[in-house]
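The primary structure of each chain is shown beneath.
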Amino acid sequence: MTLRPSPTAALEGLILPKLDHLDLVTVKLPFVAPFGTSVYTWTDKEAMLMRIGSGGVTAWSECVSDPDPFYFYETNDTARHIIKDFLLPLIEPGIALGELEARFRRVRGHGMAKATIENGLLILIALQRGVPLHALLGRPAKKILSGLSIGLKETPADLVAAVENAVAKKYHRVKIKVKKGQDIEWVRAVRRRFPDLKLMVDANGDYALPDVAHLREFDAFSLMMIEQPLSYSDIYEHSLLQKEMKTAICLDESIHGLADAAAAIALGACRIINIKQGRVGGLLESMRIASFCADRGVDVWSGGMDETGIGRAVNIHLQTAEGFTLPGDTSETSNYFDEDIADPPVVLGPDGFIGVPGGPGLGVRVVPERILKRALRWERLR
Ligand code: OSB
Ligand code: MG
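The rules behind each value
Position labels on residues start from 1 in each chain and follow its written sequence. Starting at A for chains and at 1 for ligands, labels are handed out in the order in which the entities are written. Reporting of local features is limited, given that this is a predicted model, to residues whose pLDDT is at least 70; pairs of side-chain atoms are given and counted only at 80 or more, and all residues count toward the totals for whole chains, interfaces and linings. Calculated side-chain values reflect all of the structure's heavy atoms, with hydrogen atoms and water omitted. A helix here means a DSSP run of H or I that spans at least four residues, while a strand means a run of E at least two residues long, and both kinds are numbered starting from the N terminus. When we talk radius of gyration, it's over C-alpha atoms, and the globule rule is simply 2.2 Å times the number of residues to the 0.38. Note on classification: 1.4 Å probe, protein chains only; a residue is buried when its accessible area is under 20% of the maximum for its type, exposed when over 50%, partly exposed between these limits. To be clear on the numbers: accessible area is Shrake-Rupley with a 1.4 Å probe, and residue cover counts the displayed protein chains and nothing else. In this tally Asp and Glu are treated as negative and Lys and Arg as positive; neither His nor the chain ends contributes. Charged groups are reduced to one reference atom each: NZ for lysine, CZ for arginine, CG for aspartic acid, CD for glutamic acid. Ring pairs are drawn from Phe, Tyr and Trp, using the six-membered ring of Trp, whenever the two centres fall within 6.5 Å, and their geometry is named by plane angle: stacked under 30 degrees, edge-to-face over 60, tilted for the rest. The criterion is that NZ of a Lys, or CZ of an Arg, lies within 6 Å of the ring centre and within 35 degrees of the ring normal, and then a charge sits over that ring. Here, a strand pair is defined by DSSP locating no fewer than two bridges between the strands. By convention, orient the strands away from the viewer: a clockwise path from the first strand over the helix to the second makes the crossover right-handed. By convention in this text, a residue qualifies as near a molecule or strand provided that one of its non-hydrogen atoms is within 4 Å of it. Polar contact is the term for a pair of N or O atoms within 3.5 Å; when the atoms are in protein, one must be able to donate a hydrogen and the other to accept it, and sequence-neighboring residues count only if both atoms are side-chain atoms. Gly falls in the polar group here, along with every residue not listed as nonpolar (Ala, Val, Leu, Ile, Met, Phe, Trp, Tyr, Cys, Pro) or charged (Asp, Glu, Lys, Arg). For helices, the fitted line uses only the C-alpha atoms of the stretch in contact; every axis is such a line through C-alpha atoms, and the angle between N-to-C directions lies from 0 to 180 degrees. One side-chain nitrogen of Lys or Arg within 4 Å of one carboxyl oxygen of Asp or Glu is enough to make a salt bridge.

Novice: Teacher, can you tell me more about the overall build of the protein here?
Specialist: A tally of helices and strands in the protein yields 13 helices and 13 strands. Relative to the 2.2 N^0.38 estimate, which gives 21 Å for 382 residues, the radius of gyration of the protein is 20 Å and therefore close to what a compact globule would have. When the backbone C-alpha atoms are referred to their principal axes, the protein occupies close to 60 × 45 × 35 Å. Residues classed as buried in the protein amount to 60% of the 382 residues present. As displayed, the protein has an accessible area near 14,900 Å², and 54% of this comes from carbon and sulfur atoms. Averaging the locations of the 45 positively and 48 negatively charged side chains of the protein gives two centres separated by 3 Å.

This is how it looks when you write it as structure tokens:
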């Protein structure tokens, strides 16, 4: 393996602007339908947004945590606490982004809180330069692959109906949530109806190693992968399971940064990694993981946290980076929301691709009236 230049070296050298103001705004947007997983059923998105301004330019970023700790340990309240009391005091105008990352390392974990700030600063700098975020990341625009994540459905027939809608829209792959007792027969029904569909399942950690015989039943369905079959905190047992299964394992919850990705790959715990930029601490760490995986022939894709239009746009820009070879959980806005807080909404083209917004920064407009309509809480910190 040849050593290549770091994909983030130039970004680490970016100089932080002086922040004139900083607000945390919590919004609550109803989902068009409840989203059920093995860990919880969400009926709305409660998101903490960060608004920062410098020299008349305003940037919005989104913390991808939920109000609850059912998917991940961070919550909107822990993120607020960590941002306010520990991360904000470390921001200093004139230092480089790499120096800020180094200072942030002293705070252990809390990647979603860190990502909110790092992403916000990158979006702000892109806006100040008048360039799209992907260009600031050093990447050309490209058509982004789409993918839908379908929540648990009561019956196999209900699930097949939902998959039919996704196929009609030309989604590039379909992921279905599974849990113990709501799995094999549901997947079998979808496979029978769509023998060639790019299909995968996500268990959000619902199984344990003694379920190996049951998990091997998934091998009959030519799935692209099974996402996080075992515990949210495990890497080692996934390496044992991967040896017993044909289907590729993809890790989501277990990967909190580059070191976890390296450990998982070295152990053979997965063949694919779901990179959620928030879970790993932001765009830079996401790019490091993606490049590391590309060098080792490990596919990665961008996960989602059913974000508002702000986080959704961040995920789209990220997917222009090297290594994002597989369709991610990047769906149309209308899959989750009737009205989002940003315009324009994400829509699939006739070929199922998603365009990267071309304007400066995220390339989407945050609509103030919609924020005000949806705001639960507004806090000025600077
Ligand atoms: O496990 O990937 C997951 C949503 C919330 C929390 C965890 C997960 C998900 C999804 C949906 O699967 C992703 C999306 O559509 O944004
Ligand atoms: Mg997942």
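Novice: I'm lost on the packing of aromatic side chains in this one. Help?
Specialist: For any pair of aromatic rings, the description rests on two quantities: the centre-to-centre distance and the angle between the ring planes. Applying the stated rule across the entire model yields 10 aromatic pairs. Taking the centre distance of 6.3 Å and the plane angle of 85° together, the rings of W60 and W378 count as edge-to-face. Of this pair, W60 sits in strand β3 (residues 57-63) while W378 sits in strand β13 (residues 375-380); the two residues are 318 residues apart in sequence, bridging distant segments of the chain. Take W378: its relative accessible area is 40%, and that puts it in the partly exposed class. Ring geometry for Y207 against F218: centres 6.4 Å apart, planes inclined by 85°, an arrangement best described as edge-to-face. Residue Y207 is found in the loop between β6 (199-202) and α8 (212-215), and its partner F218 is found in the loop between α8 and β7 (226-227); the two are separated by 11 residues along the sequence. Residues Y207 and F218 agree in their burial class; the two are buried. It is K143 that lies over the ring of F353; its NZ or CZ is 4.3 Å from the centre.

Novice: What exactly am I supposed to notice about the pairing of strand β9 (residues 272-275) here?
Specialist: Note on strand geometry: in a regular strand, side chains alternate between the two faces of the sheet. The two faces of β9 match: I272 and N274 on one face and I273 and I275 on the other face are all buried. Bridge count between strand β8 (residues 249-251) and β9: two bridges; the pairing is parallel. Paired with L251 across the two strands is I273, which belongs to β9. As for the winding sense of the linkage, the β-α-β connection from β8 through helix α10 (residues 258-267) to β9 is right-handed. Two strands pair when backbone bridges link them, and β9 and strand β10 (residues 299-302) are joined in this way by four bridges, in the parallel orientation. Each residue of the ladder has a partner; that of I273, found in β10, is V300.

Novice: Teacher, can you tell me more about the site of ligand 1 here?
Specialist: Residues in close proximity to ligand 1 total 15 residues, the closest being S149, K177, N204, D306 and Y336. Here an oxygen atom of ligand 1 and a side-chain polar atom of S149 are 2.9 Å apart. For ligand 1, an oxygen atom lies 2.8 Å from a polar atom in the side chain of N204. By residue class, the composition of the shell around ligand 1 is four nonpolar, three polar and eight charged.

Novice: For this particular structure, what's the right way to read the sheet that holds β3?
Specialist: The pairing of strands in a sheet happens through backbone hydrogen bonds and is either parallel or antiparallel. On the basis of which strands lie adjacent, the open sheet formed by four strands has the order β3-β2-β1-β13 and antiparallel pairing. Either end of the sheet is taken by a strand with one partner, and the two such strands are β3 and β13. Going from strand to strand, the sheet's axes swing by 25° on average, the running direction of each strand aside. Of the strand pairs in this sheet, strand β2 (residues 41-54) and β3 are connected by seven bridges, and their pairing is antiparallel.

Novice: Explanation requested: the pattern of salt bridges in the structure shown.
Specialist: Any two side chains of opposite charge can pair, given that their charged atoms come close. Under the criterion given, the structure shown has 32 salt bridges. Here R288 and E12 are joined by a salt bridge, their closest N and O atoms 3.0 Å apart. Pair noted here: R288 is in helix α11 (residues 283-295) and E12 is in helix α1 (residues 9-12), with a separation of 276 residues, a long-range link. Overall, the relative accessible area of 26% leaves E12 in the partly exposed class.

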